[in-house]
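Read off the chains here:
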Amino acid sequence: SIVQDEKFLRQSDDIRLEAEKLGMAEEARVTLYDANSREQEAEIIAQEIANILGAGVELDDIAILMRSLNRVKIYEDALRKAQIPYRTVGGTGFYDRQEIRDILAYLRVIDNPFDMSALIRTLKRPPMGLNDFSLYRLRSKDKTEFFDSLSYADELLQDPETASRIGKFLHLLDEMWEIMGQGSIFYLASQLVERSGYLKYVHGMPPDDRERSLANIRQLLRMATSFERQHSFDGLRAFVQHVQFST
């Protein structure tokens, strides 16, 4: 508890901390640390967790409670640096992670190439990276579905490099459709991240972002395996909805 020092009446800013309740070892149950920054605070927390893990406490018995997850990355980085496994719950959910939304957009396009929002995301985000002007030109073909207009990229864009990327994208979809008719959702998703160049894109990220993204991709693939085990007769669309609504 925070109590007033005997000199409080004379110096209003002089406050001391005392343990209100003691543990079995007659030590304070709550410890106060004064950190100069969030980064330092995160390092202190990670070190304390490492200490209590070394004393035999289980990971499942440890939690970091935060009023907001706006700065959660700082604490995740500190835990990862200390090689402490963790799981973030609440706030920015698994589905809201950039790489998960990217891969699910690809899967939605594979399931339905006329899904406009998913198709635009796959084209705008890396590794495709089309700009707004190119998307506008592709959209300008009269009475043609946006996906169908991709076949006219050479004519509409007059940009050989971008048209070549779109051609590779269409070829990728052909490969994924063939896999979808033969293999599992896990195999489809794992081949997708490899053949699309998405893994190469992730490996080009800064180290901390790379490790976080790779961990999330591995988690998504594990979810695919678990989903197929429990819902053997459901397809790709059901899996995408499962990820969206269960995380």
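Since the structure is predicted, the reported quantities are computational estimates derived from the model, not experimental observations. Per-chain numbering applies: the sequence of each chain, read as written, is numbered from 1 onward. Only residues with pLDDT of at least 70 are given local features in this predicted model, and only at 80 or more are side-chain atom pairs given and counted; all residues enter the totals for whole chains, interfaces and linings. Working from all heavy atoms in the structure, the side-chain values ignore hydrogens and water.

A.B. asks: How do you make sense of the confidence of the model for the protein chain when you look at a structure like this?
C.D. replies: Atomic detail in the predicted coordinates should be set aside for any region of low pLDDT. What pLDDT expresses is the predictor's confidence in each residue, scored from 0 to 100. A residue-level look at the protein chain finds 85% of positions with pLDDT of 70 or above and a mean pLDDT of 86. A run of H or I in DSSP counts as a helix once it spans at least four residues, and a run of E counts as a strand once it spans at least two, with each numbered from the N terminus. Per-element confidence in the protein chain ranges from a low mean pLDDT of 46 for strand E1 (residues 2-4) to a high of 97 for helix H9 (residues 185-195). Long-range and interchain partners of residues 1-5, a stretch whose pLDDT sits below 50, account for 12 contacts in this model, where long-range means more than four residues apart. Contacts are assigned to residue pairs that have any heavy atoms within 4.5 Å of one another.

A.B. asks: Would you explain the layout of surface pockets in this entry?
C.D. replies: Think of a ball as big as a water molecule: rolled over the atoms, this probe shows where empty space is left. Here a cavity means grid points, on a 1 Å grid over the protein atoms only, where a 1.4 Å probe fits yet cannot get out; a pocket means an open set of points with protein on both sides within 12 Å along at least five of seven lines; lining residues are those with an atom within 4 Å of a point. Grid points are joined across faces, edges and corners, and a volume is the space filled by probe spheres set on the points. Of the voids in this model, the second largest pocket is the one considered here, and its volume is about 590 Å³. For the second largest pocket, the lining is made up of 19 residues, of which Ile62, Ala63, Ile64, Tyr86 and Arg87 are closest to its centre. Gly is put with the polar residues, along with every residue not named as nonpolar or charged; the nonpolar set is Ala, Val, Leu, Ile, Met, Phe, Trp, Tyr, Cys and Pro, and the charged set is Asp, Glu, Lys and Arg. Partitioned by chemical class, the residues of the lining of the second largest pocket number 15 nonpolar, one polar and three charged.

A.B. asks: Whenever I open this one, the packing of helix H3 (residues 98-111) against helix H8 (residues 160-180) confuses me. Can you help?
C.D. replies: How two helices pack is summed up by the angle between their axes together with the distance between the axes. H8 packs onto H3 with a crossing angle of 75° between their chain directions and a minimal axis gap of 10 Å. Relative to H8, the element H3 is oriented roughly perpendicular. Side by side, H3 and H8 meet where Tyr106, Val109 and Ile110 of the first sit next to Phe169, Leu172, Leu173, Met176, Trp177 and Met180 of the second. Simply put, an axis is a line fit to the C-alpha atoms, just over the touching stretch for a helix, and the angle between two N-to-C directions goes from 0 to 180 degrees. The cut-offs work like this: below 35 degrees is roughly parallel, past 145 is roughly antiparallel, 65 to 115 is roughly perpendicular, and the gaps in between are oblique.

A.B. asks: Would you take a moment to explain the pattern of salt bridges for this structure?
C.D. replies: Close approach of charged atoms lets side chains of opposite charge pair. By convention in these notes, a salt bridge is any Lys or Arg side-chain nitrogen within 4 Å of a carboxyl oxygen on Asp or Glu. Enumeration according to the criterion identifies 15 salt bridges in this entry. With a closest N to O distance of 2.8 Å, Arg212 and Asp77 form a salt bridge. A residue pair is termed long-range when its members are at least 10 positions apart, and Arg212 in helix H11 (residues 207-230) and Asp77 in helix H2 (residues 72-81) qualify at 135 residues. Each member of the pair, Arg212 together with Asp77, is buried. Overlapping salt bridges, with partners in common, bring together Lys73, Glu76, Asp77, Arg80, Arg97, Asp209 and Arg212 in one network. Note on classification: 1.4 Å probe, protein chains only; a residue is buried when its accessible area is under 20% of the maximum for its type, exposed when over 50%, partly exposed between these limits.

A.B. asks: Looking at this model, I keep getting lost on H3. Mind explaining?
C.D. replies: Every α-helix carries 3.6 residues per turn, so stepping three or four residues along brings you back to the same face. To estimate the expected span of a helix, count its residues, drop one, and scale the result by 1.5 Å. Its 14 residues place the ends of H3 20 Å apart at the C-alpha level, agreeing with the 20 Å of an ideal helix rising 1.5 Å per residue. Most of H3 is tucked away, with 10 of its 14 residues classed as buried. By the burial criterion, the buried members of H3 are Glu99, Ile100, Asp102, Ile103, Leu104, Ala105, Tyr106, Leu107, Val109 and Ile110.

A.B. asks: How should the packing of helix H1 (residues 38-54) against H2 be read in this particular structure?
C.D. replies: Running from N to C, H1 and H2 point in directions that differ by 40°, and their axes come no closer than 8 Å. It follows that H1 is oblique to H2 by the angle criterion. Crossing hand, H1 versus H2: right-handed. Here H1 contributes Arg38, Glu39, Glu41, Ala42, Glu43, Ile45, Ala46 and Ile49 to the contact with H2, which in turn contributes Ile74, Tyr75, Ala78 and Leu79. Less than a right angle of anticlockwise turn of the near helix away from the far helix marks a crossing as left-handed, whereas a clockwise turn marks it as right-handed.

A.B. asks: Would you mind showing me how to read the packing of aromatic side chains here?
C.D. replies: Aromatic ring pairs are described here by two measures, namely the spacing of the ring centres and the angle between the planes. Side-chain rings of Phe, Tyr and Trp (the six-membered ring for Trp) are treated as a pair once their centres are within 6.5 Å; stacked means planes under 30 degrees apart, edge-to-face means over 60, and tilted covers the remaining angles. Summed over the entire model, instances satisfying the criterion amount to five aromatic pairs. A centroid spacing of 6.3 Å and a plane angle of 55° characterise the contact between Tyr106 and Phe169, whose relative ring orientation is tilted. Residue Tyr106 is located in helix H3, and its partner Phe169 is located in helix H8; the two are separated by 63 residues in the primary sequence. The burial state of Tyr106 is the same as that of Phe169; both residues are buried. When the centroid spacing of 5.3 Å and the interplanar angle of 65° are considered together, the rings of Tyr198 and Tyr201 count as edge-to-face. With Tyr198 and Tyr201 both in helix H10 (residues 198-203) and three residues apart, this pair spans about one turn of that helix. The exposure class assigned to Tyr198 is buried, which follows from its relative accessible area of 2%.

A.B. asks: Sorry, what's going on with helix H5 (residues 132-139) here?
C.D. replies: Taken residue by residue, H5 has Ser134, Leu135 and Leu138 as its buried positions. Seen end-on, H5 carries its buried residues on one side only, within an arc spanning 100°. Exposed and oriented more than 90 degrees from the buried face of H5 are Asp132, Phe133 and Tyr136. The N-capping residue of H5, defined by a side-chain oxygen 3.2 Å from the backbone nitrogen of Phe133, is Asn131. Arc definition: it is the arc formed by the directions from the helix axis to the C-beta atoms. Under the rule applied, a polar contact is a pair of N or O atoms within 3.5 Å (in protein, one hydrogen donor and one hydrogen acceptor; residues adjacent in sequence only if both atoms are side-chain atoms).

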